[in-house]
Amino acid sequence: DHSPSFAHGSVYVSLLSMATAYSTLAARGRYCKPIAITSITNGAGGHFPVESASCHRVLSTGVADAATYVRKGVLGGSGTASPPSSAAMRIGPA
């Protein structure tokens, strides 16, 4: 019986929040607030200020690296969340 809510919790988490969490691990513990606009330029070529991503460390590199290592075991190789073999993904006659 698969029960994803057991592993992920029962509280709704947005896709953006999950992507931000995974990107923090990928950045070895540095969190950057997601921003949609990186620059604004007017017709004359002038630039307007935009909000910064305010990147800062929220996890030590050791903790972030350990979490990434654990995820690799689950999502790759022989973990239950690992993708099926390429043979299983073929569609149509062999």
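(A) How the structure looks around the state of the cysteines. Going through the model one piece at a time under the given rule, you end up with one disulfide. Two residues, Cys32 and Cys55, share a disulfide whose sulfurs are 2.0 Å apart. The S-S bond linking Cys32 to Cys55 shows a torsion near 120 degrees; that makes this disulfide right-handed. Placement of Cys32 in the loop between β1 (30–31) and β2 (40–41) and of Cys55 in the loop between β3 (47–48) and β4 (56–57) is noted, with a sequence separation of 23 residues between them. Using a relative accessible area of 35% as the deciding quantity, one classes Cys55 as partly exposed.

(B) Region of the structure containing a nonpolar patch on the surface. Nonpolar side chains collect at one region of the surface, where Ile37, Ile40, Phe48 and Val50 lie side by side and expose about 330 Å² of accessible area between them. A relative accessible area of 44% places Phe48 in the partly exposed class.

What counts as what
- Residues numbered from 1 in each chain as written.
- Predicted model: local features only at pLDDT ≥ 70, side-chain atom pairs only at ≥ 80, totals over all residues.
- Heavy atoms only, no water.
- Disulfide = S-S within 2.5 Å.
- Helix = DSSP H or I, 4+ residues; strand = E, 2+ residues; numbered from the N terminus.
- Buried < 20%, exposed > 50% of the residue type's maximum accessible area, 1.4 Å probe, protein only.
- Patch = residues over 30% accessible without salt bridge, like charges linked within 9 Å, V, L, I, M, F, W, Y side chains within 5 Å.
- Areas by Shrake-Rupley, 256 points an atom, 1.4 Å probe, with all protein chains shown as cover.
- Salt bridge = Lys/Arg side-chain N within 4 Å of Asp/Glu carboxyl O.

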